Amino acid sequence: MTASGMTASGVHIRGLTRHFATRRETVVAVDGVDLDTPRGSFLSLLGPSGCGKSTVLRMLAGLDTPTSGEATVNDLAPAALRRTHAYGIAFQDHALLPWRTVERNIAFPFEIAGLPVDKEWVTELLHLVRLEQFAKARPWQLSGGMRQRVAIARALALRPGVLFLDEPFGALDDVTRQRLNVELQRLWSEQQATTVMVTHGVQEAVFLSDKVAVMSPRPGRIKEVIDIDLPRPRTLEMTTSPEFHSYVDRASALLFH
Ligand SMILES: Nc1ncnc2c1ncn2[C@@H]1O[C@H](COP(=O)(O)OP(=O)(O)OP(=O)(O)O)[C@@H](O)[C@H]1O
Ligand SMILES: [Mg+2]
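Predicted model only: the values in this text are computed from it and were never measured. (Residues numbered from 1 in each chain as written. Chains lettered and ligands numbered in written order. Predicted model: local features only at pLDDT ≥ 70, side-chain atom pairs only at ≥ 80, totals over all residues. Heavy atoms only, no water.)

Draft legend 1. Seen up close, the sheet that holds strand 4 (residues 68-73). Strands sit in the order 2-1-4 across an open sheet of 3 strands; the sheet is antiparallel. On the outer flanks of this sheet lie strand 2 (26-38) and strand 4, each paired with one strand and no other. Pairwise comparison of adjacent strand axes, ignoring direction, gives a mean angle of 15° for this sheet. Strand direction decides the pairing type here: strand 1 (residues 9-21) and strand 2, joined by 8 bridges, are antiparallel. Across the sheet, the residue bridging to Arg-18 is Val-30, located in strand 2. Contacts between helix 1 (residues 53-60) and the sheet are confined to strand 1, strand 2 and strand 4, with strand 1 contributing the most and set at about 115° to the helix. (Pairing = 2+ DSSP bridges. Helix = DSSP H or I, 4+ residues; strand = E, 2+ residues; numbered from the N terminus. Axes fitted to C-alpha atoms, helices over the stretch in contact; angles between N-to-C directions. Contact = heavy atoms within 4.5 Å.)

Set out below in structure tokens:
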């Protein structure tokens with residue numbers, strides 16, 4: 001809350017639209033998306049393949065330009081977010097630099113931003129994602145889950161106020177994924193970053209989020225935004241509760257019908 005009693009803006013999206021023109025047709029990838037979240041909250045975009053989730057995220061991050069509409073995150077437009085290194089980003093394919101050690105991958109955002117590497121924080125991040133023992137390892141020497149943890153640590157390197165995650169745990173088995181979800185919740189709550197996560201995983205979205213925006217494809221639209229009113233920190237035991245199941249059922253029903 002701000003001094004005036006108003007909640008500070010996190011994600012603010014109005015009429016966000018993206019058309020892709022091919023030779024034969026125009027694909028309406030994203031159509032008139034409106035979304036609002038408070039600063040520091042966790043939003044998931046949930047929806048079937050091709051419904052425009054990544055396109056929304058890329059536009060928020062200033063990596064793609066909307067056909068129309070506007071967006072800010074923490075009151076910054078995408079171009080400003082990108083220019084000021086105000087966000088951390090992690091993708092499913094993690095895109096680690098194979099010739100760099102784990103710690104030098106995590107430190108990479110400092111170099112991109114032209115800042116001196118905060119070595120203590122890099123060590124702390126290694127600890128947070130439980131990879132202290134692997135500081136000097138190369139990405140190819142790690143398991144998939146360990147690589148995802150490096151990608152998350154790298155996204156947190158500049159202590160960003162904004163975090164963008166595109167299926168960060170997509171390629172992992174359920175047990176590893178659940179464990180990383182618990183770790184991600186902890187990291188997010190420590191950083192208080194305004195977060196947008198793209199996922200196919202209903203359970204994962206409910207577990208992590210304050211709001212779940214369910215999308216439908218062609219054209220990509222928001223079907224409904226579900227407020228997840230479960231206490232924090234959330235535990236894996238909570239995922240067996242009737243409240244948790246009712247959220248999962250509701251999101252699943254929206255997804256499949
Ligand atoms: N650069 C592009 N050129 C043309 N079409 C594109 C481009 N990027 C995305 N699209 C189209 O926009 C639509 C939405 O794509 P997007 O990648 O945002 O979906 P998604 O919800 O992230 O899917 P997935 O869950 O499979 O990652 C798709 O129909 C896709 O083919
Ligand atoms: Mg995608």
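Draft legend 2. Inspection of the pairing of strand 3 (residues 42-46) at higher detail. The buried count for strand 3 comes to 5 of 5 residues, which makes it a mostly enclosed element. Here strand 3 shows no split at all, with Phe-42, Ser-44 and Leu-46 on one side and Leu-43 and Leu-45 on the other all buried. Sheet topology note: the strand 3/strand 7 (residues 194-199) ladder contains 5 bridges and is parallel. When the bridges of strand 7 are listed, Phe-42 appears paired with Thr-195. With 4 bridges joining them, strand 3 and strand 8 (residues 211-216) adopt parallel strand pairing. Bridging across to strand 8, Ser-44 finds its partner in Val-212. (Buried < 20%, exposed > 50% of the residue type's maximum accessible area, 1.4 Å probe, protein only.)

Draft legend 3. Examining the nonpolar core more closely. Residues Leu-46, Ile-106, Leu-125 and Leu-184 are the most contacted members of the largest nonpolar core, which totals 53 residues. The contacts of Leu-46, once residues within four sequence positions are left out, are Lys-53, Thr-199, His-200, Gly-201, Val-202, Ala-205, Val-212, Ala-213, Val-214, Met-215, Ala-251 and Leu-255. Grouped together as the second largest cluster of nonpolar side chains are 26 residues, Ile-13, Ala-29, Val-162 and Val-196 included. (Core = buried A, V, L, I, M, F, W, Y, C linked by side-chain atoms within 4.5 Å.)

Draft legend 4. Spatial organisation of the pairing of strand 6 (residues 162-166). Most of strand 6 sits out of view: 5 of its 5 residues are buried. Relative to strand 6, strand 5 (residues 87-91) runs parallel, the two being bridged by 5 bridges. Looking across to strand 6, one finds that Ile-89 is bridged to Phe-164. For strand 6 and strand 7, the ladder comprises 5 bridges, and the chain directions are parallel. Considered in strand 7, the bridge of Leu-163 is made with Thr-195. Taken together, strand 6, helix 7 (residues 174-191) and strand 7 constitute a β-α-β crossover, and its handedness is right-handed. (Right-handed = clockwise from strand over helix to strand, strands pointing away.)

Draft legend 5. Region of the structure containing the site of ligand 1. Near ligand 1 there are 13 residues, and of these Ser-49, Gly-50, Lys-53, Thr-55 and His-200 occur at the shortest range. Between ligand 1 and the protein, one listed contact pairs an oxygen atom with a backbone N or O atom of Gly-50 at 2.8 Å. The backbone of Gly-52 places a nitrogen or oxygen atom 3.0 Å from an oxygen atom of ligand 1. A total of 630 Å² of accessible area belongs to ligand 1 in isolation, and the protein chains cover 62% of it. For the shell around ligand 1, the elements supplying multiple residues, two or more each, are strand 2 and helix 1. Sort the elements by how many residues they give to the shell around ligand 1 and helix 1 lands first, with 3 residues. Considered class by class, the residues forming the shell around ligand 1 number 5 nonpolar, 6 polar and 2 charged. (Near = heavy atom within 4 Å. Polar contact = N/O pair within 3.5 Å; in protein donor to acceptor, adjacent residues only side chain to side chain. Areas by Shrake-Rupley, 256 points an atom, 1.4 Å probe, with all protein chains shown as cover. Nonpolar A, V, L, I, M, F, W, Y, C, P; charged D, E, K, R; others polar.)

None of this, on its own, says anything about what the molecule does.
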